[in-house]
Amino acid sequence: MAAHLSSGRVNLTALREAGRRELREFLDKCAGSKAIVWDEYLTGPFGLIAQYSLLKEHEVEKMFTLKPGRLPQADVKNIIFFVRPKLELMDIITDNVLREDRGRSPQRDFHILFVPRRSLLCEQWLKEQGVLGSFIHREQYSLDLIPFDGDLLSMESESAFKECYLESDQTSLYHAAKGLMTLQALYGTIPQIFGKGECARHVANMMIRMKREFPGSQNSIFPVFDTLLLLDRNVDLLTPLATQLTYEGLIDEIYGIQNTYVKLPPEKFAPKKQGEGGKDLPTEPKKLQLNSAEELYAEIRDKNFNAVGSVLSKKAKIISAAFEERHHAKTVGEIKQFVSQLPHMQAARSSLANHTSIAELIKDITTSEDFFDNLTVEQEFMSGIDTDKVNNYIEDCIAQKHPLIKILRLVCLQSVCNSGLKQKVLDHYKREILQTYGYEHILTLNNLEKAGLLKPQTSGRNNYPTIRKTLRLWMDDVNEQNPNDISYVYSGYAPLSVRLAQLLARPGWRSIEEVLKMLPGPHFEERQQLPTGLQKKRQHGENRVTLVFFLGGVTYAEIAALRFLSQMEDGGTEYIIATTKLINGTSWIKSLMEKLEPAPF
């Protein structure tokens, strides 16, 4: 069932197993029948670790969503709250517990499981409300890094970027360091650590301190990873703002992928029956899981969208030819062989039908004039054209009141590609945005400035052209069908973050010292001593394995670019990707938006 987690160089099933074991141990502590009350945000990430069948084996009979009021009726002995350590959730739990009918018999036992850490503040709050004593077990479940695919791990911490860069709260960095320690316990000490950015420095320091404080954590496992690269999101603020142009990237941009699932408009997926003329169209969104367990998806997910159509039509021909084979099956043996292949062929046919429908949905959007105009402006900014003056297209979009997030993405992109905007240009944009969309967005603009996304040009110098040329961030002759460079994921722009990873592997960062100094935060290198006998002797032709950890979020286009580097014939390095959160420009800007509530009087 989790075959896709063990298909890569690093078998991530071991990490999932460790998570399942810890969960089973906790459930077994609460003897008897159980009902779980879920903090809704956790259901998605937990689904990637354990299915309902595992919970059922451990006497979980009912599941409810955490909400105020009385808990639903359930004839169980234990009620377990699975929650993030947030005060507003403690208020709901308090309400649930206080409304519990103490007169009922038998009484139900309460337990609380904090994910990923117990919080003294939350426990103090429950104590003040007079309900802390009601909980028999108060424990934590360290869900730090969740395996999403054979080469992808995420903490799914939705506010990590905001906490680190706006609130100077390093909790998520501590969780990242803990997650990396867990990885090292399972896959061996990582000998080399490279990093760029303030947060990267903090995480590396915490890892080194944790190793010193727990000398027993020095394990005798042969190291699977050769290198860890820690990258701050604010070293490359540009990449998430641009529209991703890979198949998976566009699905995420348009529909949003949540914990490997996407919800799509149902009408494209209704089975077509003769003579019914679309009477009973489904109204529920079509929910599909997207990961490399599906053969076709694994093949097309990282391609530029313009290269997807030809693959789908090739696949359609192969599948219909395979089904035609049945007419040629004469002997019993041939018929038997055809029948044995049937389930696989039917799965391939339904997978092809789904992806053809998704591709049609995306094509409707990518061929629209609005998409084209937006993309043209983005590409002009990224290639350094007219970044220093007010852009007509952005002004028109504001005048026509296009979605605010679209405007903010473009204005921030222009600011980043110009190392900040001239004060006059910045003030003009701010005034236009506030007058059109409302003054309550002043806090959002302030947040974007704090995060370095929308700011005045302070030094009077624009460093972006130097960075762009030195790191070859803009490629004019990009080949979307058979790419030879990572810039295919944005049809011309090579993600700065991935270029840094590529140059680290070969020829090394010394070649780009000057540019590294222009990017925010320190760059550093640490070595972790390995016990004798565990030093790796690399076989001839064996690739190095590098774990790239994005602190503050990563996009699917960056993941596609790293996978492209892993598959290069002469690349010499395979990449595993970890992040605090899978993001796109929209979800990222949304996490920085504040809504000022109008005064009640």
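As recorded by an unreviewed UniProt entry, the chain carries the name Vacuolar protein sorting-associated protein 33A and is attributed to Haliaeetus albicilla.

Engineer: Would you mind going over the overall build of the chain in detail, with residue names and values included?
Structural biologist: The helix and strand inventory of the chain stands at 23 helices and 15 strands. Taking 2.2 N^0.38 as the reference for a compact globule, 601 residues should give roughly 25 Å; the C-alpha atoms of the chain span a radius of gyration of 26 Å, in line with that estimate. Considering the chain as a whole, with its 601 residues, one finds that 53% of them fall into the buried category. Pairs at least 24 apart in sequence give 79% of the contacts found in the chain among residues at least 6 apart.

Engineer: Which residues make up unusual backbone geometry, and what values do they have?
Structural biologist: Residue V115 is joined to P116 through a cis peptide bond whose omega torsion reads 0 degrees. Checked against the element boundaries, P116 lands in the loop between β4 (109-114) and α5 (120-128). Residue P507 follows R506 across a cis peptide bond; omega there is 5 degrees. With respect to the element layout, P507 can be found in the loop between α20 (496-505) and α21 (513-518). Backbone geometry places E156, a non-glycine residue, at a positive phi of 50 degrees. Relative to the helices and strands, E156 resides in the loop between β7 (152-154) and α6 (160-165). Residue E156 is classed as buried on the basis of its relative accessible area, which comes to 6%.

Engineer: How would you explain the environment of V411 if you had to name every residue and give the values?
Structural biologist: Within the secondary structure, V411 sits in helix α16 (residues 404-416). We classify V411 as buried; its relative accessible area is 1%. For the pair V411 and E267, spaced 144 residues apart in sequence, the C-alpha separation works out to 35 Å. When neighbours within four sequence positions are excluded, V411 is seen to be in contact with I394, L421, Y429 and L454.

Engineer: How would you explain the nonpolar core if you had to name every residue and give the values?
Structural biologist: Within the largest apolar cluster, 165 residues are counted, with the highest numbers of intra-cluster contacts made by F82, L230, L453, L500 and F549. Looking at this core element by element, the count peaks at nine residues for α16. Core analysis: the next-biggest nonpolar cluster, separate from the first, contains 23 residues, A74, M90, I92 and I93 among them.

Engineer: So what about the packing of helix α10 (residues 247-255) against helix α13 (residues 332-366)? Which residues, and what values?
Structural biologist: Helix-helix packing is described using two parameters, namely the angle between the two axes and the distance between the axes. Running from N to C, α10 and α13 cross one another at 65 degrees; their axes reach a closest spacing of 11 Å. For the element pair α10 / α13, the angle class is roughly perpendicular. Helix-helix and strand crossings are classified by hand; for α10 and α13 the assignment is left-handed. Facing Y247, L250, I251, I254 and Y255 of α10, the residues of α13 in contact are H355, I358, A359, L361, I362, I365 and T366.

Engineer: Explain the domain arrangement of the chain to me, and be specific about the residues and the numbers.
Structural biologist: For the chain, the assigned domains are domain 1 (3-143), domain 2 (144-242 + 463-600), domain 3 (247-268 + 282-367) and domain 4 (383-461). Averaged C-alpha coordinates put domain 2 and domain 3 at centres separated by 31 Å. Across the boundary between the two partners, domain 2 contributes 14 residues, which contact 16 residues of domain 3. Linking domain 2 with domain 3 are three salt bridges, by the criterion used here. In this structure, the salt-bridge partner of E248 is R563, at a minimum N-O distance of 3.8 Å. Among the secondary structure elements, those contributing two or more residues to the side of domain 2 that touches domain 3 are β6 (146-149) and α22 (556-567). If you tally residues by element for the side of domain 2 that touches domain 3, the top one is α22, at three residues. Looking at the side of domain 2 that touches domain 3 residue by residue, the classes come out as six nonpolar, four polar and four charged.

Engineer: Just give me the short version of α13, but keep the residues and values in it.
Structural biologist: Here α13 contains 35 residues, and its C-alpha end-to-end distance of 49 Å stays within 8% of the 51 Å for a straight helix at 1.5 Å per residue. When we look at burial in α13, the residues that qualify are F338, M345, S351, L352, N354, H355, S357, I358, A359, L361, I362 and T366. Those residues of α13 hidden inside the fold are in contact with α10, β11 (261-264), β12 (286-289), α11 (295-300), α12 (308-324) and α14 (369-382).

Engineer: Got a sec to walk through the pairing of β4? Specific residues and values, please.
Structural biologist: Of all six residues that make up β4, five are buried, and the element is covered over most of its length. In the sheet, strand β3 (residues 78-83) pairs with β4 via six bridges, with the strands oriented parallel. Bridge pairing in β4 places V83 opposite F114. In the classification by handedness, the crossover that spans β4, the intervening α5 and the parallel strand β5 (residues 135-140) is right-handed.

Engineer: Tell me about the sheet that holds strand β2 (residues 60-65), residues and numbers included.
Structural biologist: One open sheet holds the five strands; their spatial order is β2-β1-β3-β4-β5, and the pairing between them is parallel. The sheet terminates laterally at β2 and β5, the two strands that pair on one side only. On average, each strand axis in the sheet is tilted by 20 degrees relative to the strand beside it, whichever way the strands run. On top of the sheet, helix α4 (residues 87-98) reaches β3, β4 and β5; it is set at about 170 degrees to β3, its chief contact.

Engineer: Account for the packing of aromatic side chains, naming residues and giving values.
Structural biologist: Throughout the structure, instances matching the rule amount to 15 aromatic pairs. An angle of 70 degrees between the planes, with centres 5.2 Å apart, marks the rings of F161 and W588 as edge-to-face. Here W588 lies in helix α23 (residues 585-591) and F161 lies in helix α6, a separation of 427 residues in the sequence. Given a relative accessible area of 3%, F161 falls into the buried group. Seen from their ring centres, F194 and W509 are 6.4 Å apart, and the 70 degrees between their planes marks the pair as edge-to-face. Of this pair, F194 sits in strand β8 (residues 192-196) while W509 sits in the loop between α20 and α21, and the two are 315 residues apart along the sequence. Note on accessibility: F194 and W509 belong to one class, buried. Aromatic ring contacts, followed pair by pair, group W38, F46, F82 and Y141 into a single cluster. In this structure, R201 is placed above the aromatic ring of F524, and the distance from its NZ or CZ to the ring centre is 4.1 Å. The ring of Y261 has K287 lying over it, and the distance from NZ or CZ to the ring centre is 4.8 Å.

Engineer: If you had to explain α5 to someone new, which residues and values would you point to?
Structural biologist: For an α-helix, 3.6 residues make a turn, and residues three or four places apart therefore share a direction. Taken together, the buried positions of α5 are C122, E123 and L126. Down the axis of α5, the buried side of the element spans an arc of 100 degrees, and every buried residue falls inside it. For α5, the exposed residues lying more than 90 degrees away from the buried face are L120, L121, K127 and E128. Residue G130 follows α5 closely and has a positive phi angle near 80 degrees.

What counts as what
One numbering rule holds for all chains: residues counted from 1, following each sequence as written. Residues qualify for local features only when their pLDDT is at least 70, as the model is predicted, and side-chain atom pairs are given and counted only at 80 or more; totals for whole chains, interfaces and linings, by contrast, use all residues. Hydrogens and waters are ignored; side-chain quantities use all the structure's heavy atoms. Helix and strand definitions here come from DSSP, where helices need a minimum of 4 consecutive H or I residues and strands a minimum of 2 consecutive E residues; each element is numbered from the N-terminal end. Here the globule rule is a power law, 2.2 Å times the number of residues to the power 0.38, and the radius of gyration is based on C-alpha atoms. Classification of residues uses two cut-offs on accessible area relative to the type maximum, computed with a 1.4 Å probe and protein chains only: under 20% is buried, over 50% is exposed, and between them is partly exposed. Should any heavy atoms of two residues lie within 4.5 Å, those residues are considered in contact. Only buried Ala, Val, Leu, Ile, Met, Phe, Trp, Tyr and Cys residues count toward a nonpolar core, and they belong to the same one when joined by side-chain atoms within 4.5 Å. Axes, fitted as lines to C-alpha atoms, cover a helix only where it is in contact. Angles between the N-to-C directions of the axes lie from 0 to 180 degrees. These descriptions rest on fixed angle ranges, namely under 35 degrees for roughly parallel, over 145 for roughly antiparallel, 65 to 115 for roughly perpendicular, and the rest for oblique. The crossing is said to be left-handed when, going from far helix to near helix, the turn is anticlockwise and less than a right angle, and right-handed when the turn is clockwise. The source of the domain bounds is an automatic or database domain assignment. Whenever Lys or Arg places a side-chain nitrogen within 4 Å of a carboxyl oxygen from Asp or Glu, that contact is recorded as a salt bridge. By the convention adopted, Pro, Cys, Tyr, Trp, Phe, Met, Ile, Leu, Val and Ala count as nonpolar, Lys, Arg, Asp and Glu as charged, and the other residues, Gly among them, as polar. A helix is expected to reach a length of 1.5 Å times the quantity of its residues less one. Strands were regarded as paired on the criterion that DSSP finds at least two bridges between them. By convention, a crossover is right-handed whenever its connection, traced from the first strand over the helix to the second and viewed with the strands pointing away, goes clockwise. The aromatic pairing rule takes the rings of Phe, Tyr and Trp, using the six-membered ring of Trp, and pairs them if the centres are within 6.5 Å, calling planes under 30 degrees apart stacked, those over 60 edge-to-face and the rest tilted. The rule for a charge over a ring is simple: NZ of Lys or CZ of Arg within 6 Å of the ring centre, and within 35 degrees of the ring normal. The arc in question is the one spanned by the directions pointing from the helix axis to the C-beta atoms.

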